[in-house]
Amino acid sequence: MKKKITIRKIFYGISSFFSKTIVKISLLLLSIIFILSILIFFIEYGKNQEIKSFFDSIYYTVVSITSTGYGDITSQTMPGRLVIMLGIIAGLLTLSLFTGTFASIFVDIQLKRQRGDIVIKNIKNHFIVAGWKTDFIGLLTQILIMNNELEPSNIVLVNNETPETMQLVLSEPKFSGINYLHGEYFDENVLKKASCRTAKELIVLADDTGRISQSEIDSKTVITVLTAKSLNKSIYTCAELYDEKFSSYLKKSYCDEIILLKNTTHLLISQASMRKGFSQIFEELINPKKGNQLVSELISEKFHGKPYRELFNELSQKEFLPLGIVENAGNVFLRKKNALKEAQKTPDMGKLVNNLKSIKELKANDPIFNPPLSYIIKPESAVIYFTPIKIKENL
């Protein structure tokens, strides 16, 4: 059964290849060259000292029908001249058809790219941005600023905005090379086209244009994360939500970061109401244009099991400002998977049960600010610190 399927696939691949217009024209051109070469060889061989082999007739035919005409070989007979004249006419018509088809293919590819009607191929460890925001250009710019090593060519945008709207984004020089896919980002087939299986990170934006209800937006967000995780367990996901009641669904689907828009805004306003400059402090902390960047970086294994004091001193010597630790940092699914492997190593059933209970209660990406210097650093932890940032010139 498998052999039949394989043979069928091979035949299908061959037939689909030869059904392409450019392949048909190429075969026609090669056929013309071959037939003319045979005719020239039989007519001119023995009568023309310049045609000494079949290769000479092929060479003469090619330079003739392409209008190159070096003049090193010429026909010595009337039938030969008639054949080559017909060949030149047929060659010019076929070549013009070939170049026209070739050009139309490139134009069609460019138009499809602009419309987002493509399948993203040959891309790995890329960054998918699903959804739309009012200030989308500003958001993309901030993403590139915060991720210095991220190139536009490694970003895939997925949304169903109009081609005119997206053209405004794609025409920005700083986004040159960015990939765009038109479609509903929560659709499995669309995510497959975005190569979600090989992606490194997915950000799901909550639409703020007011075109659809917030509940519908949150529902789409949950479906998107569920679908993405089913395609790629190791993809790092970050999702925006309007309503906190949807967060439980995202947690069950191992969403790595959940941004509650209303809660964040309410917390910021309530802190600002204390009249102690909290809004300015908050902007200074997270706005890279202020000159500093808040970084969360996985801690080297050499510090595992060591007191926080050693890491604090090393970062301070580099003129970085350590702020705290993030326990179980990174992908939620992978953290729990690794913890399960460690838990199963003990032969003691009592310890095994306790270990499994602790895994169930494991909280991924759990920040601990200003831990005591005696705090023992655990594996899979990250350090939070301030560092100067250098923004790319084109941003």
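Preceding block: the structure.
Throughout what follows, the structure given in this document is the object of discussion.

Conventions used here
- Residues numbered from 1 in each chain as written.
- Predicted model: local features only at pLDDT ≥ 70, side-chain atom pairs only at ≥ 80, totals over all residues.
- Heavy atoms only, no water.
- Buried < 20%, exposed > 50% of the residue type's maximum accessible area, 1.4 Å probe, protein only.
- Helix = DSSP H or I, 4+ residues; strand = E, 2+ residues; numbered from the N terminus.
- Arc of directions from axis to C-beta.
- Contact = heavy atoms within 4.5 Å.
- Pairing = 2+ DSSP bridges.
- Right-handed = clockwise from strand over helix to strand, strands pointing away.
- Salt bridge = Lys/Arg side-chain N within 4 Å of Asp/Glu carboxyl O.
- Axes fitted to C-alpha atoms, helices over the stretch in contact; angles between N-to-C directions.

## A look at helix α12 (residues 308–317)
Phase 1: Those residues of α12 not exposed but buried are Tyr308, Leu311 and Leu315. Down the axis of α12, the buried set is contained in an arc of 65 degrees. They therefore lie on one face.
Phase 2: Residues of α12 that are buried make contact with β8 (321–327) and β10 (382–388).
Phase 3: Once α12 finishes, glutamate 319 follows within two positions and takes phi at roughly 65 degrees, a positive value.

## Observations concerning the pairing of strand β6 (residues 257–260)
Phase 1: The pairing of strand β5 (residues 236–241) with β6 spans four bridges and is classified as parallel. Within the sheet, the bridge partner assigned to alanine 239 lies in β6 and is isoleucine 258.
Phase 2: Of the crossover connections in this fold, the one passing from β5 over helix α9 (residues 247–252) to the parallel β6 is right-handed.

## A few points about the pattern of salt bridges
Phase 1: Taken as a whole, this structure holds nine salt bridges when the rule is applied.
Phase 2: Across the pair glutamate 188 and lysine 192 runs a salt bridge whose closest N-O atoms are separated by 3.5 Å. Residue glutamate 188 and its partner lysine 192 are located together in helix α7 (residues 188–193), separated by four residues, close to a single helical turn.
Phase 3: The partner of glutamate 314 in a salt bridge is lysine 318, with the nearest N and O atoms 3.8 Å apart.
Phase 4: What you see here is one network of salt bridges that share partners, running through Glu161, Asp207 and Arg211.

## Quick word on the sheet that holds β10
Phase 1: Pairing in this open sheet of four strands is antiparallel, and the strands run β7-β10-β8-β9 from one edge to the other. A single partner strand is all that each edge strand has here, and the edge strands are β7 (292–298) and β9 (366–369). The sheet shows a mean angle of 30 degrees between the axes of neighbouring strands, direction not considered.
Phase 2: Of the strand pairs in this sheet, β8 and β9 are connected by four bridges, and their pairing is antiparallel. Bridge pairing links valine 326 to proline 367 in β9.
Phase 3: The sheet contacts of α12 involve β8 and β10, and relative to β8 the element is tilted by about 140 degrees.

So, to be careful, I would describe these as geometric facts and stop short of saying anything about function.
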